[in-house]
Amino acid sequence: MNHLQSLFQLYPITSSILLILGSLRVLSIIYRFYNFLYRKFLRPAKNIFKNYGESGSWAIITGASDGIGKVFCKSLAQRGFNICLIARNYDKTEAARKEIQEEFPGIQTKIVIADFLKSIENPSEFYQRIADDLKEKNINDIAILINNAGVGKISRFETMEFKDMNNLVSVNIYPTAFMTRIIVPKMLGRSKKSLVINLSSMSAVNPFPYYAVYGATKKFNDQLAKSLSMEFKGRIDFLALKPNFVATNMVKTQPSGFVINVEDCVEGCLRDVGWQGETAGHWKHDICEWFIMNVATKNMKAKTSIETLAASENTKEMEIKV
Ligand SMILES: NC(=O)c1ccc[n+]([C@@H]2O[C@H](COP(=O)([O-])OP(=O)(O)OC[C@H]3O[C@@H](n4cnc5c(N)ncnc54)[C@H](OP(=O)(O)O)[C@@H]3O)[C@@H](O)[C@H]2O)c1
């Protein structure tokens, strides 16, 4: 204490400036922590059906046959939306539709089969066919679009298979851009606000080695949502969802620690709908985001990526180059 007093006496101006800056930093940390607690635990979730839905409104979910997409279908069916599942495998998608219909008999469910990998051959024809299909099936009042379909791949860039690169770009980018393009005009014709959720990823928040192509495709989805939210402010809400690891077929791991289950990811995201334009979803992934942005060094990020890459390649040791 005496030491501090003498410092103040010797350098009164410098000490005062440092004291003010230190206090501001502490206040900012307290504010950010309170803000996190408020957003994740205290702030009431908006009533999604009341805000976007009307009797007979539809939610369209791409990549709906499995994982995060399938759980989005169930969560929105539970809230009263009719559900249109879009995916590539008829049997799997039809089985998911039946399961949802049996669980929520009060709503309608329909499927549209589309392999987005094929959309790059002739996008205008491909997406026009989806638009026509939706019209033929009387899916007219579209309140919600969830651009969820996606594939993942961690790889060294220099040896990445062209096939994997093509998959990432075709399935993660094309449908998000084109589905949004065909649905937005319909949404603008509605009397109520509408909602679009784009599946981005924590790998788009900050650069990670070996996730370069995957992360870049997810950055596209994030940027599209953010820019369009400005373009259609007040008429369509856009939300970019950026989870860290979620236990699905894509990551082939069980929930534990910061690897969360799909239901927690989806409910965490839906809590933030209408309040903000981007979210990590579940509070555990908010913590991951904060850690990645504020604490993790380049070497820590590289080490994590290398461990995941080594596991995917079934190798034990790799040189860290950052
Ligand atoms: N899981 C995670 O840790 C995580 C983290 C951040 C972001 N995400 C993102 O979340 C989204 C969903 O991932 P998930 O983990 O739920 O994956 P998932 O369980 O593998 O489900 C992916 C869905 O997309 C469909 N799909 C894949 N390729 C397709 C194609 N060519 N055409 C049409 N549909 C296709 C799949 O259909 P099939 O069943 O026929 O394969 C499935 O319905 C992705 O965009 C992913 O990038 C996931």
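All figures in this text were calculated on a predicted structure; none of them were measured in a lab.

Novice: Just to check I follow, could you spell out the sheet that holds strand β3 (residues 109–113) for this structure?
Specialist: Hydrogen bonding along the main chain pairs the strands of a sheet, whether they run parallel or antiparallel. Taken together, seven strands build an open sheet; the order of strands is β3-β2-β1-β4-β5-β6-β7 and the sheet is parallel. Since the sheet does not close on itself, it has two edges, and those belong to β3 and β7 (278–279), each with one partner. The pairing of strand β1 (residues 58–62) with strand β4 (residues 142–147) spans four bridges and is parallel. Paired with isoleucine 61 across the two strands is isoleucine 146, which belongs to β4.

Novice: Would you explain the environment of valine 184 in this entry?
Specialist: Within the element layout of this structure, valine 184 appears in helix α8 (residues 174–188). Classification of valine 184 by C-beta neighbours within 10 Å gives buried; the count is 20. Each C-alpha atom, one on valine 184 and one on leucine 309, is 38 Å from the other, the two residues being 125 residues apart in sequence.

Novice: What exactly am I supposed to notice about the confidence of the model for the protein here?
Specialist: As a note on interpretation, predicted positions should not be read in detail where pLDDT is low. Predicted confidence across the protein gives a mean pLDDT of 93, with 97% of residues reaching 70 or more. Confidence drops under a pLDDT of 50 for residues 316–322, and excluding neighbours within four residues, the segment shows 11 contacts in the predicted structure.

Novice: What exactly am I supposed to notice about the packing of helix α4 (residues 67–78) against helix α5 (residues 90–103) here?
Specialist: Working note: a packed helix pair is described by the angle between its axes plus the distance between those axes. One can describe the packing of α4 onto α5 by two numbers: an axis separation of 10 Å at closest approach and a directional angle of 25°. Put simply, α4 runs roughly parallel to α5. Crossing hand, α4 versus α5: right-handed. Residues Lys70, Cys73, Lys74 and Ala77 of α4 form the contact with α5, whose own contacting residues are Ala96, Ile100 and Glu103. Grouping the constituent residues of the contact of α4 with α5 by class yields four nonpolar, no polar and three charged.

Novice: Just to check I follow, could you spell out the environment of isoleucine 68 for this structure?
Specialist: By the element assignment, isoleucine 68 lies in helix α4. Residue isoleucine 68 is classed as buried on the basis of its C-beta count, with 25 C-beta atoms lying within 10 Å. Note: C-alpha distance between isoleucine 68 and alanine 149 (81 residues apart in sequence) is 9.1 Å.

Novice: Looking at this model, I keep getting lost on the site of the ligand. Mind explaining?
Specialist: Close to the ligand lie 30 residues; Gly63, Gly67, Gly150, Thr248 and Met250 are nearest. For the shell around the ligand, the element with the highest residue contribution is α4, accounting for three residues. Residues of the shell around the ligand, tallied by class, amount to 15 nonpolar, 11 polar and four charged.

Novice: How do you make sense of unusual backbone geometry when you look at a structure like this?
Specialist: Trans peptide bonds make up most of the peptide bonds, and negative phi angles are found at most residues other than glycine. Phi at asparagine 138 is positive, roughly 60°, even though this residue is not glycine. Structurally, asparagine 138 is set in the loop between α6 (123–136) and β4. Even without glycine at this site, tyrosine 210 takes up a positive phi of about 75°. Relative to the helices and strands, tyrosine 210 resides in the loop between β5 (194–199) and α9 (212–231). What makes tyrosine 210 buried here is the crowd of 23 C-beta atoms within 10 Å.

Novice: What should I look at first to understand the pairing of β1 in this one?
Specialist: Look at any regular strand and the pattern is simple: side chains alternate between the two faces of the sheet. Counting buried residues along β1, five of its five residues qualify, which places the element largely inside the surrounding structure. Side-chain alternation along β1 places Trp58, Ile60 and Thr62 on one buried face and Ala59 and Ile61 on a second face that is also buried. The handedness of the β1 to strand β2 (residues 82–87) crossover, carried by α4, is right-handed.

Novice: Quick question: what am I supposed to make of the pairing of β2 here?
Specialist: Burial analysis of β2 places six of its six residues in the buried class, which makes it a mostly covered element. On β2, burial covers both faces: Asn82, Cys84 and Ile86 on one face and Ile83, Leu85 and Ala87 on the other are all buried. Bridge count between β1 and β2: five bridges; the pairing is parallel. Bridge pairing in β2 places tryptophan 58 opposite asparagine 82. Sheet topology note: the β2/β3 ladder contains five bridges and is parallel. Bridge pairing in β3 places isoleucine 83 opposite threonine 109.

Novice: What is the right way to read the nonpolar core from this model?
Specialist: Across soluble globular proteins, you tend to see nonpolar side chains buried next to one another. In terms of nonpolar packing, the biggest core is built from 69 residues, with Ala59, Ile61, Ile83 and Leu85 touching the most fellow members. Discounting chain neighbours no more than four positions away, the residues touching leucine 85 are Ile61, Ala64, Ser65, Cys73, Thr93, Ala96, Arg97 and Ile111. Counting five residues, the second largest nonpolar core, distinct from the first, contains Met202, Ala204, Val205 and Cys288.

Novice: Could you clarify how one ought to interpret the packing of helix α7 (residues 162–172) against α9 in this entry?
Specialist: At a closest axis distance of 10 Å, the pairing of α7 and α9 adopts a crossing angle of 10°. When the interaxial angle is binned, α7 and α9 end up roughly parallel. Here Met165, Leu168, Val169 and Asn172 of α7 come into contact with α9, specifically with Val213, Tyr214, Thr217 and Lys218. Among the residues forming the contact of α7 with α9, the class breakdown is five nonpolar, two polar and one charged.

How each quantity is defined
- Residues numbered from 1 in each chain as written.
- Predicted model: local features only at pLDDT ≥ 70, side-chain atom pairs only at ≥ 80, totals over all residues.
- Pairing = 2+ DSSP bridges.
- Helix = DSSP H or I, 4+ residues; strand = E, 2+ residues; numbered from the N terminus.
- Buried ≥ 20, exposed ≤ 12 C-beta atoms within 10 Å, placed from the backbone.
- pLDDT = per-residue confidence, 0-100.
- Contact = placed C-beta atoms within 7 Å.
- Axes fitted to C-alpha atoms, helices over the stretch in contact; angles between N-to-C directions.
- Parallel < 35°, antiparallel > 145°, perpendicular 65-115°, else oblique.
- Left-handed = near helix turned anticlockwise from the far one by under 90°.
- Nonpolar A, V, L, I, M, F, W, Y, C, P; charged D, E, K, R; others polar.
- Near = placed C-beta within 6 Å.
- Right-handed = clockwise from strand over helix to strand, strands pointing away.
- Core = buried A, V, L, I, M, F, W, Y, C linked by C-beta atoms within 7 Å.

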